[in-house]
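As a plain string of letters, each chain reads:
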Amino acid sequence: MSRFSGQTVVITGAAGGIGQELCRVFGREGAQIGALDQSEGVLAFAESLQGEGIRAHGVIADIADHKQVVAAFDAIRAELGGVNVLINNAGFSNARALEKSTPETWEADIATNLNGPFYCTREALVDMKRAGGGAIVNIGSVNGLMALGDPAYGTAKAGLINYTKSVALEYGPFGIRANVICPGTVRTPIWADRVEKNPEILSGLVKFYPLRRVADPVDIANAAAFLASDDARSITGVMLPVDCGLTAGNIAMARELTLEEF
């Protein structure tokens, strides 16, 4: 039996590289998908999911706007019913360095990467409490664990980890679980554009990854599906890196210190 048969799964940032794979993985496991994105492309994507045999409803909304979030969840409920699983996936970065950050770029990053998941979770919790359970998976980042550039983004993702633990703590008695995944570099269309400009960019990065590769979107989606499923029924409040070993240690520095090639 499919793990999410008959369940409504809301996925934010659904039109992006990781978001599309999340929708497909959950949809193939029997879920009906509430695909939420600020891009109009989410409507055509939801239609394409229907063509793949996945029931989906696309909604355009900016998760940084609380009123738009409320309206989006109301639209999803009207079409698909109450929310059983929420995947807070949407996120972006405005400024790569503090020197280039402004109050406006900082506020925008915090609004989407931290406030947005709060607004969406607040809506989903209403349905989950009524149903007597549910699962939330937040897509964080290794940037929330250590400084790797994109400082406002990293700060928001660090806050998201703590927020996830707070949800797990307070809503566990209602049968609601909350966990956060922290990806490293993921081979999404954004990276395809960068590779086109600099074909060596990923080969330059993989030296920092013990598995000598970077993750694909399906790796993140599979981890999210596990954490949202009953297979993980006793797991809540955890931070799971899906990063090809990046946060296990600094392999490039280790090689220099030990003078060993491994």
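Our structure's up above, just so we're on the same page.
Residues numbered from 1 in each chain as written. Predicted model: local features only at pLDDT ≥ 70, side-chain atom pairs only at ≥ 80, totals over all residues. Heavy atoms only, no water.

Colleague: In this structure, what is going on with the pattern of salt bridges? I would like to understand it.
Modeller: Think of it this way: side chains of opposite charge can pair up when their charged atoms draw near. Considering all chains together, one arrives at nine salt bridges under this definition. Close ionic contact of Asp231 with Arg3 constitutes a salt bridge, the shortest N to O distance being 3.5 Å. Remark: Arg3 occurs in the segment before β1 (8-12) and Asp231 occurs in the loop between α8 (217-228) and β7 (239-242); sequence separation between them is 228 residues. The class of Asp231 is exposed, set by a relative accessible area of 54%. Among the ionic pairs, Asp74 bridges to Arg77, the shortest N-O distance being 2.9 Å. Residue Asp74 and its partner Arg77 are both found in helix α3 (residues 66-80); the two are separated by three residues, about one turn of the helix. (Salt bridge = Lys/Arg side-chain N within 4 Å of Asp/Glu carboxyl O. Helix = DSSP H or I, 4+ residues; strand = E, 2+ residues; numbered from the N terminus. Buried < 20%, exposed > 50% of the residue type's maximum accessible area, 1.4 Å probe, protein only.)

Colleague: Even after reading the chapter, I still don't get the pairing of β1, so can you show me in this structure?
Modeller: Residues in a regular strand point their side chains to alternate faces of the sheet. For β1, the tally of buried residues reaches five of five residues, placing the bulk of the element in the interior. Taking every second residue as pointing to the same face, both faces of β1 are buried, with Thr8, Val10 and Thr12 on one and Val9 and Ile11 on the other. Sheet analysis places β1 next to strand β2 (residues 32-37), joined by five bridges and oriented parallel. Within β2, the residue paired with Thr8 across the bridge is Gln32. Where the polypeptide runs from β1 across helix α1 (residues 17-28) and back to β2, its parallel neighbour, the crossover connection is right-handed. Relative to strand β4 (residues 85-88), β1 runs parallel, the two being bridged by three bridges. (Pairing = 2+ DSSP bridges. Right-handed = clockwise from strand over helix to strand, strands pointing away.)

Colleague: Got a minute to help me understand the sheet that holds β4 in this structure?
Modeller: Spatial strand order, β3-β2-β1-β4-β5-β6-β7: seven strands in an open sheet with parallel pairing. The strands lining the two open edges of the sheet, one partner per strand, are β3 (56-60) and β7. Neighbour to neighbour, the strand axes of the sheet diverge by 15 degrees on average, direction disregarded. Pairing of strand β6 (residues 176-183) with β7, which is carried by four bridges, proceeds in the parallel orientation. The residue bridging Cys182 from the neighbouring strand is Pro241, located in β7. Contacts from α1 reach β1, β2 and β4 within the one sheet, and its direction differs from that of β1 by about 170 degrees. In this fold helix α4 (residues 103-131) packs onto β1, β4, β5 (134-139) and β6, with an angle of close to 175 degrees to the strand it touches most, β4. (Axes fitted to C-alpha atoms, helices over the stretch in contact; angles between N-to-C directions. Contact = heavy atoms within 4.5 Å.)

Colleague: Looking at this structure, I do not really get the packing of aromatic side chains. What am I missing?
Modeller: Centre-to-centre distance and the angle between the planes together describe a pair of aromatic rings. Evaluation of the coordinates by the stated rule reveals four aromatic pairs. On the numbers, 5.9 Å between centres and 55 degrees between planes, the contact of Phe118 with Tyr119 is tilted. An aromatic cluster is built from Phe118, Tyr119 and Tyr163, whose rings are joined through pairwise contacts. Positioned above the aromatic ring of Phe174, the side-chain terminus of Lys129 is 4.6 Å from the ring centre. (Phe/Tyr/Trp six-rings, centres within 6.5 Å; stacked < 30°, edge-to-face > 60°. Lys NZ or Arg CZ within 6 Å of the ring centre and 35° of its normal.)

Colleague: Help me understand the pairing of β2, please; the structure alone is not making it clear to me.
Modeller: Here β2 lies mainly inside the structure; six of its six residues are buried. Pairing between β2 and β3: five bridges, direction parallel. Following the sheet pairing, Gly34 is matched in β3 by His57.

Colleague: Help me understand the layout of surface pockets in this model?
Modeller: Here the idea is plain: a probe the size of a water molecule rolls over the atoms and shows the empty space left. Space inside the largest pocket adds up to approximately 1300 Å³. Lining the largest pocket are 43 residues, with Gly91, Phe92, Tyr153, Ile190 and Trp191 positioned closest to its centre. Among the elements of the structure, α1, β2, α5 (151-171) and α6 (189-197) are those that each provide at least two residues to the lining of the largest pocket. In terms of residues, the lining of the largest pocket owes the most to one element, α6, which gives four residues. Of the residues belonging to the lining of the largest pocket, the class tally is 21 nonpolar, 16 polar and six charged. Approximately 190 Å³ is the volume found for the second largest pocket. Lining the second largest pocket are 14 residues, and of these Gln7, Gly134, Ala135, Ala228 and Asp230 lie nearest its centre. (1 Å grid on protein atoms, 1.4 Å probe; cavity = no way out; pocket = protein on both sides within 12 Å on 5 of 7 lines; lining within 4 Å. Points joined across faces, edges and corners; volume = space filled by probe spheres on them. Nonpolar A, V, L, I, M, F, W, Y, C, P; charged D, E, K, R; others polar.)

Colleague: Teacher, can you tell me more about the environment of Glu107 here?
Modeller: Note that Glu107 resides in helix α4. Distance from Glu107 to Leu227, taken between C-alpha atoms, is 30 Å for residues 120 residues apart in sequence.

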